Amino acid sequence: TYLYAGGSARTVWKINPSDMSKVAESDNYGGYILALAFDGTYLYVGGDGGRVWKINPSNMSKVAESAAHGATIYALAFDGTYLYAGGSARTVWKINPSNMSKVTESANYGATIYALAFDGTYLYAGGSARTVWKINPSDMSKVAESDNYGGYILALAFDGTYLYVGGDGGRVWKINPSNMSKVAE
């Protein structure tokens, strides 16, 4: 098992967690690497290069890449079948990882998307609009929206029951995803 890290170096490092040494490195992505996702077989990379790369983690080679997203990609999520990419284009792309083609995209969120999470049924998107959208991945429609968080949403996580929201609002919200209501702060 390895760790993967990207950033301003524009490459992804494969890291041995026992001694934190660099084992391998990907080719240059062409921009800052701001998002990583793993589907159990391949590693996906997004950033200000504006495309999603599919990387074989065994040798860190690029296998394929998506069409241009049109903007910086800040968030990636995988639902077991599809890959989702969000960023400054203000929509979430649904990508078929087998050929890296765009399947469809969500409505315009109205602001940059910095975080994505999947709960097994729905996709959640948050960002500089300061709310979380609950999205139906089958048609990419917005199902519900949270209250205003009070700051940019930079992180989303699902624990099997609740959705957690973090960002520059200086706090963490616990949200009930069934009705998108804040349970605790």
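Our subject is the structure that appears above.
Sequence order sets the numbering: in each chain, residues are counted from 1 along the sequence as written. The predicted nature of this model means local features are confined to residues of pLDDT at least 70 and side-chain atom pairs, given and counted, to a pLDDT of 80 or more, with totals for whole chains, interfaces and linings taken over all residues. To obtain the side-chain values, all non-hydrogen atoms of the structure were used and water was disregarded.

(A) Structural context of the overall build of the chain. Note on conventions: DSSP H or I runs of at least 4 residues are helices, E runs of at least 2 residues are strands, and numbering of each starts at the N terminus. Scanning the chain from terminus to terminus reveals zero helices and 19 strands. Each radius of gyration reported is based on C-alpha atoms, and the globular scaling rule is 2.2 Å times the count of residues to the power 0.38. Relative to the 2.2 N^0.38 estimate, which gives 16 Å for 185 residues, the radius of gyration of the chain is 16 Å and therefore close to what a compact globule would have. Overall, the C-alpha framework of the chain stretches about 45 × 35 × 25 Å when taken along its three principal axes. When accessible area is computed with a 1.4 Å probe and restricted to protein chains, residues below 20% of their type maximum are described as buried, those above 50% as exposed, and intermediate ones as partly exposed. Taking all 185 residues of the chain together, the buried fraction comes to 42%.

(B) Spotlight on the packing of aromatic side chains. Side-chain rings of Phe, Tyr and Trp (the six-membered ring for Trp) are treated as a pair once their centres are within 6.5 Å; stacked means planes under 30 degrees apart, edge-to-face means over 60, and tilted covers the remaining angles. In the structure shown here, the tally under the stated rule is five aromatic pairs. Judged by centre distance (5.4 Å) and plane angle (75°), the ring pair of Tyr109 and Trp133 falls under edge-to-face. Residue Tyr109 is found in the loop between β11 (101-105) and β12 (113-118), and its partner Trp133 is found in strand β14 (residues 132-136); the two are separated by 24 residues along the sequence. Residue class for Tyr109 comes out buried when judged on its relative accessible area of 6%. A connected cluster of aromatic rings, assembled from ring pairs, spans Tyr74, Tyr114 and Tyr152. Its guanidinium or amino end placed over the ring of Tyr2, Lys14 lies 4.5 Å from that ring's centre, counting from NZ or CZ. Definition used: whenever NZ (Lys) or CZ (Arg) falls within 6 Å of the ring centre and also within 35 degrees of the ring normal, the charge is taken to sit over that ring. Lys94 extends its terminal NZ or CZ atom over the ring of Tyr82, reaching a point 4.4 Å from the ring centre.

(C) Spatial organisation of the nonpolar core. Judged by nonpolar contacts, the single largest core of 13 residues is most densely connected at Val92, Leu116, Leu123 and Ile135. The set of elements that each furnish at least two residues to this core consists of β8 (73-78), β12, β13 (123-127) and β14. We call two residues contacting when some pair of their heavy atoms lies within 4.5 Å. Dropping the residues within four chain positions of it, Val92 is found in contact with Tyr84, Ala85, Thr104, Glu105, Ser106, Ile113, Leu116, Leu123, Ala125, Ile135 and Met140. Here, nonpolar core means buried Ala, Val, Leu, Ile, Met, Phe, Trp, Tyr and Cys residues that are tied together by side-chain atoms lying within 4.5 Å of each other. Core analysis: the next-biggest nonpolar cluster, separate from the first, contains twelve residues, Ala115, Ala117, Leu163 and Met180 among them.

(D) The sheet that holds β14, seen in detail. Strand order in this open sheet of four strands is β12-β13-β14-β15, and the pairing throughout is antiparallel. Two strands bound the open sheet, and with one partner strand each, they are β12 and β15 (141-145). Going from strand to strand, the sheet's axes swing by 30° on average, the running direction of each strand aside. Criterion used throughout: strands pair if DSSP finds at least two bridges between them. Pairing geometry for β12 and β13, over five bridges, is antiparallel. By the bridge assignment, Phe118 is partnered in β13 with Leu123. Interaxial angles span 0 to 180 degrees and are taken between N-to-C directions of axes, which are lines fitted to C-alpha atoms, for helices over the stretch in contact.

(E) Main features of the pairing of strand β19 (residues 181-184). As judged from the three bridges shared by strand β18 (residues 172-176) and β19, these two strands associate in the antiparallel manner. By the bridge assignment for β19, Lys174 is matched with Ala184. Linkage of β18 to β19, two consecutive antiparallel strands, is achieved through a turn of four residues, within which Met180 is found at a positive phi near 60°.

(F) Quick look at the pattern of salt bridges. By definition, a salt bridge exists where a carboxyl oxygen of Asp or Glu is found within 4 Å of a side-chain nitrogen of Lys or Arg. Evaluation of the coordinates by the stated rule reveals seven salt bridges. Residue Lys22 is joined to Glu25 by a salt bridge in which the shortest nitrogen-to-oxygen separation is 2.7 Å. When its relative accessible area of 41% is taken as the criterion, Lys22 is described as partly exposed. The exposure class of Glu25 is partly exposed, given its relative accessible area of 35%. Ionic pairing is found between Glu145 and Lys142, a salt bridge with its closest N-O pair at 2.8 Å.

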